[in-house]
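Overview (structure and organization)
Listed below are the residues making up each chain.
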Amino acid sequence: MWDPEKCDFCGECLERCLYVNYDKEKASEQIKELAQGKEAEILSRCVTCCGCREYCPKGADPYDLIVKAQERFGSFKAHEKDVAAMELVSQLPSQITPGDPDKPALSLCVMERQLPEGTVQSKLFEGLTIVKGGEYFCLIGWVHQGKESPIRNGAKRFIDTLASVGKEMVFLHDDCYAMVHVKVRDYGIEVPFRYMHIFEYLRNYLRDNASQLKKLGIKVAYQRPCASRFTPEKDAFLQEIFELIGVERPKRNYEGDKALCCTAPIIRVFPELAQEVQEKNIRDAIDSGAQALVTLCPICDRILKRPTEAFGLKKIYITDLCRMALGELSL
C-alpha cells in the first residue's frame, strides 16, 4: 500500500520503467503530482505491470498510488471486453473436488480452462483437493483494468472462502499468492490458514521424488508474471526446480526485475506497443540461447502462444516442464 512517509521523490520507480522514457527529473515530477492528487501523465501511459512497486528503493509502493489514481480519474482506458471478462469470471460456478485428508488443496482460481491438457490429472497433484471457480477468484487482475476498489472490496470474502476449505492451500495462480501473501495484509486482513506458492510445492515434490526424474538438458527463458512484482523472493524456488530437472537458464536482458509483461493487459489498449514488447521479449529469449520459454501464469501462456510460434520458440507451461522430467510428457 502507498506509504507517503517512505517516499523521498527520488523518481527511481518511474525512471526504471520499461515502457516510458522518463529521466530522473521527469520521473520525480510525476510522483510529486500524483502525491498531490493530480492526474499525472503516467496514469494514461502506465501499462499496469506493477514494476514500479518493485523498483522503489524505499518500499513506498508507488504502484498502489498509481492504480488508485487511475481509477479515480478513469485514466487507464481498459477495453470493455476485458472489463466484462473480469466480471464474468467472478460468476463462474465454484467447485470443490475432495482429495486425501492429509494432503493440501490446490486452488485453480478461475484458470482451469487456460491450463494445458492433463495438468490437474498429473501425478504432481495426485490426492490433492481441487478448488476452483468464481468464489476462489483472487481479484488482483483488476489492477490491469486500472481499478483497485474491486480488490479491496472483495479481499475479506476471498480469504474467508479459502479458509472455509479447512486445508493448507497451494496456489497455482501467481496472482492468488500475491493477494494472500501481500495484498490482503495491506487491508489489515489476517490469513488463518497455511499456504504456499506453486513453485514451492513443485520444488518439494521434485525433491521428494528425485529418483524418478530425468534430466532434461535444455536451456530455457522464464516469463515472469506481473504479479511476481509483489512476491519476488519466491522466484528462488524456480532455480531449485530447474536444477532438479537439469534445466539451464541462460542470462538474458529481460528477466528478474527487468522482466517484460506478456502484454495481456495492453493488447487492446496499446496494440502497437504490445506487439513491440512481445517481439522484444521473444527475440531476447532466442538471442540468449534459450530453446524454450517457460511460463507460470496461465494468461501469459495463452497470450504468448501465437508470437512464440511465429518466432519458432517452444513455449512450455511450468507444470508441463516438470511432467517432462517425470516422464509424463515428451520434450
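Rules used throughout
- Residues numbered from 1 in each chain as written.
- Predicted model: local features only at pLDDT ≥ 70, side-chain atom pairs only at ≥ 80, totals over all residues.
- Heavy atoms only, no water.
- Salt bridge = Lys/Arg side-chain N within 4 Å of Asp/Glu carboxyl O.
- Buried < 20%, exposed > 50% of the residue type's maximum accessible area, 1.4 Å probe, protein only.
- Helix = DSSP H or I, 4+ residues; strand = E, 2+ residues; numbered from the N terminus.
- Pairing = 2+ DSSP bridges.
- Right-handed = clockwise from strand over helix to strand, strands pointing away.
- Expected span 1.5 Å × (residues − 1).
- Arc of directions from axis to C-beta.
- Contact = heavy atoms within 4.5 Å.
- Phe/Tyr/Trp six-rings, centres within 6.5 Å; stacked < 30°, edge-to-face > 60°.
- Axes fitted to C-alpha atoms, helices over the stretch in contact; angles between N-to-C directions.
- Parallel < 35°, antiparallel > 145°, perpendicular 65-115°, else oblique.
- Left-handed = near helix turned anticlockwise from the far one by under 90°.
- Nonpolar A, V, L, I, M, F, W, Y, C, P; charged D, E, K, R; others polar.

1. Describing the pattern of salt bridges
- All told, the structure shown has 28 salt bridges when counted by the stated rule.
- Across the salt bridge formed by Glu 12 and Arg 16, the nearest N and O atoms sit 3.8 Å from each other.
- Of the residues examined, Glu 12 reaches a relative accessible area of 25% and is grouped as partly exposed.
- Owing to a relative accessible area of 29%, Arg 16 belongs among the partly exposed residues under this scheme.
- Across the salt bridge formed by Lys 183 and Asp 64, the nearest N and O atoms sit 3.2 Å from each other. Here Asp 64 lies in helix H5 (residues 62–73) and Lys 183 lies in helix H8 (residues 174–186), a separation of 119 residues in the sequence.
- On the accessibility criterion, Asp 64 (2% relative accessible area) is buried.

2. Notes on the pairing of strand E6 (residues 218–223)
- By the criterion of burial, E6 is predominantly enclosed, with five of the six residues buried.
- For E6 and strand E7 (residues 247–248), the ladder comprises two bridges, and the chain directions are parallel. If you follow Lys 219 over to E7, its bridge partner there is Glu 248.
- Taken together, E6, helix H10 (residues 236–245) and E7 constitute a β-α-β crossover, and its handedness is right-handed.
- By the bridge criterion, four bridges tie E6 to strand E8 (residues 292–295) in an arrangement that is parallel. Across the sheet, the residue bridging to Ala 221 is Leu 293, located in E8.

3. A look at helix H2 (residues 24–35)
- The terminal C-alpha atoms of H2 lie 17 Å apart, and with 12 residues this matches the ideal 16 Å at 1.5 Å per residue to within 8%.
- For H2, the complete set of buried residues consists of Ala 27, Ser 28, Gln 30, Ile 31 and Leu 34. Looking straight down H2, one finds that the buried residues subtend no more than 155° of arc, so they occupy a single side.
- Residues of H2 that are buried make contact with helix H1 (12–15), helix H3 (42–45) and H5.
- A positive phi of about 85° marks Gly 37, the residue just after H2.

4. Description of the packing of aromatic side chains
- What the rule picks out here adds up to five aromatic pairs.
- With centroids separated by 6.2 Å and ring planes inclined at 55°, the aromatic side chains of Phe 171 and Tyr 195 adopt a geometry described as tilted. In this pair, Phe 171 sits in strand E4 (residues 169–171) while Tyr 195 sits in strand E5 (residues 195–197), placing the two residues 24 residues apart along the sequence. Of the two residues, Phe 171 and Tyr 195, neither departs from the other in class, the shared state being buried.
- Aromatic side chains Phe 193 and Tyr 195 sit 6.3 Å apart centroid to centroid with 70° between the ring planes, which places their arrangement in the edge-to-face category. With respect to class, Phe 193 is no different from Tyr 195; both count as buried.

5. Some remarks on the sheet that holds strand E3 (residues 129–132)
- In space, the five strands of this open sheet follow the order E1-E3-E2-E4-E5, with mixed pairing throughout. Every interior strand has two partners, whereas the edge strands, strand E1 (95–97) and E5, have only one. With strand direction ignored, the average angle separating the axes of adjacent strands in the sheet is 20°.
- When strand E2 (residues 105–107) meets E3, the two strands line up parallel, connected through three bridges. If you follow Leu 106 over to E3, its bridge partner there is Ile 130.
- Packed onto the sheet, H8 meets E4 and E5 and runs at close to 125° relative to E5.
- Across the face of the sheet, helix H9 (residues 198–208) comes into contact with E2, E4 and E5 while running at roughly 85° to E5.

6. Considering the packing of helix H7 (residues 149–163) against H8
- In contact at an axis separation of 11 Å, H7 and H8 are set at 130° when each is read in the N-to-C sense. On the basis of the axis angle, H7 is oblique to H8. Where H7 crosses over H8, the two elements pack in a sense that is left-handed. Together, Ile 151, Ala 155, Phe 158, Ile 159 and Leu 162 of H7 and Met 179, Val 180, Lys 183 and Val 184 of H8 make up the contact between the two elements.
- By residue class, the composition of the contact of H7 with H8 is eight nonpolar, no polar and one charged.

7. So, the sheet that holds E8
- Read from one edge to the other, the open sheet built from four strands follows the order E7-E6-E8-E9, with strand pairing classed as parallel. Of all strands in the sheet, those bounded by a partner on one side alone are E7 and strand E9 (314–317).

None of this, on its own, says anything about what the molecule does.
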